[in-house]
Amino acid sequence: MARAPLVDSVEHVEIDEIAEIVVVEGVHDAVAVARAVRAEVVVTGGFALGPDAVARIRRGARVRGVVVLTDPDSAGEQIRRRVDALVPDCRHAWIAREHCTSGRGRVGVEYAGPEAIRAALAGARSARRPEGPAGDTFTVADLLRHGLADGPGALARRAAVGRALGLGYGNGRQLLRRLNAYAVTRGEFDAAVALAPT
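The following refers to the structure shown. (Residues numbered from 1 in each chain as written. Predicted model: local features only at pLDDT ≥ 70, side-chain atom pairs only at ≥ 80, totals over all residues. Heavy atoms only, no water.)

1. Concerning the packing of helix α1 (residues 27-36) against helix α4 (residues 114-122)
- At a minimum axis distance of 8 Å, the contact between α1 and α4 shows a crossing angle of 85°. By the criterion of interaxial angle, the relationship of α1 to α4 is roughly perpendicular. Between α1 and α4, the residues in contact are A32, V33, R35 and A36 and P114, I117 and R118, respectively.
- For the contact of α1 with α4, a count of residues per class yields five nonpolar, no polar and two charged. (Axes fitted to C-alpha atoms, helices over the stretch in contact; angles between N-to-C directions. Helix = DSSP H or I, 4+ residues; strand = E, 2+ residues; numbered from the N terminus. Parallel < 35°, antiparallel > 145°, perpendicular 65-115°, else oblique. Contact = heavy atoms within 4.5 Å. Nonpolar A, V, L, I, M, F, W, Y, C, P; charged D, E, K, R; others polar.)

2. Re the environment of D142
- Structurally, D142 can be placed in helix α5 (residues 140-145).
- Judged by its relative accessible area of 4%, D142 falls in the buried class.
- Between the alpha carbons of D142 and F189 there is a distance of 9.9 Å; along the sequence they are 47 residues apart.
- With near-sequence residues (within four places) excluded, D142 lies in contact with T137, R186 and F189.
- Of the polar contacts made by the side chain of D142, one reaches the backbone nitrogen of T139; its length is 2.9 Å.
- A polar atom in the side chain of D142 sits 3.0 Å from the side chain of R186. (Buried < 20%, exposed > 50% of the residue type's maximum accessible area, 1.4 Å probe, protein only. Polar contact = N/O pair within 3.5 Å; in protein donor to acceptor, adjacent residues only side chain to side chain.)

3. So, the sheet that holds strand β3 (residues 66-69)
- The sheet built from five strands is open, its strands ordered β2-β1-β3-β4-β5 with mixed pairing. Strand pairing shows two members of the sheet lacking a second neighbour, β2 (41-43) and β5 (125-126), which therefore form its edges.
- Pairing between β3 and strand β4 (residues 91-93): three bridges, direction parallel. In the strand pairing of β4, V68 is matched with H92. (Pairing = 2+ DSSP bridges.)

4. Things to note about the side chain of H92
- With respect to the secondary-structure elements, H92 resides in strand β4.
- There is a polar contact of 3.1 Å between the side chain of H92 and the side chain of R80.

5. Let's talk about the pairing of strand β1 (residues 21-24)
- Here β1 shows a buried face lined by I21 and V23 and a second buried face lined by V22 and V24.
- In the sheet, β1 pairs with β3 via three bridges, with the strands oriented parallel. Its bridge partner lying in β3, V22 is registered against V67.

Quick look at the structure:
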């Protein structure tokens, strides 16, 4: 699946079927994914990640590949890291909070519309495994230079950059880790920064 172009909002994405196994947190998330695309879905059951789910995820990684699509919250991030540790070659998809929030303020994949899910899956990224410290492309200085780590508007700018790159929202440290871990190029970063509010 090709990486989606940079977008600052959910756009119509032509994607009917996902070849990889899609890993989600709960059964309601699986239902939301099924409304958006045809895909085999593995439900982690939250932090439980029982032996059956682990076996299905590992087999999926060997046979078809895995895309992780968890909620944009701390629990989802922890589950994402656990799955990434199990199958380091998996890809990661994020949905921006504003595209998966219920009318009552709850956040989760289950509240996302089909377009948001398709856009997230189309923009899924593989983690890069650098050979050493030289593999890192971005530093705190990059975040500071572009107003992403400190000062007025940094939160809104980070959210816009994360959304444009398909990395989801994160604080400065999380954004920096994702920029380096998911093989974001300098050109992609510069284009995303250009979309961010000033």
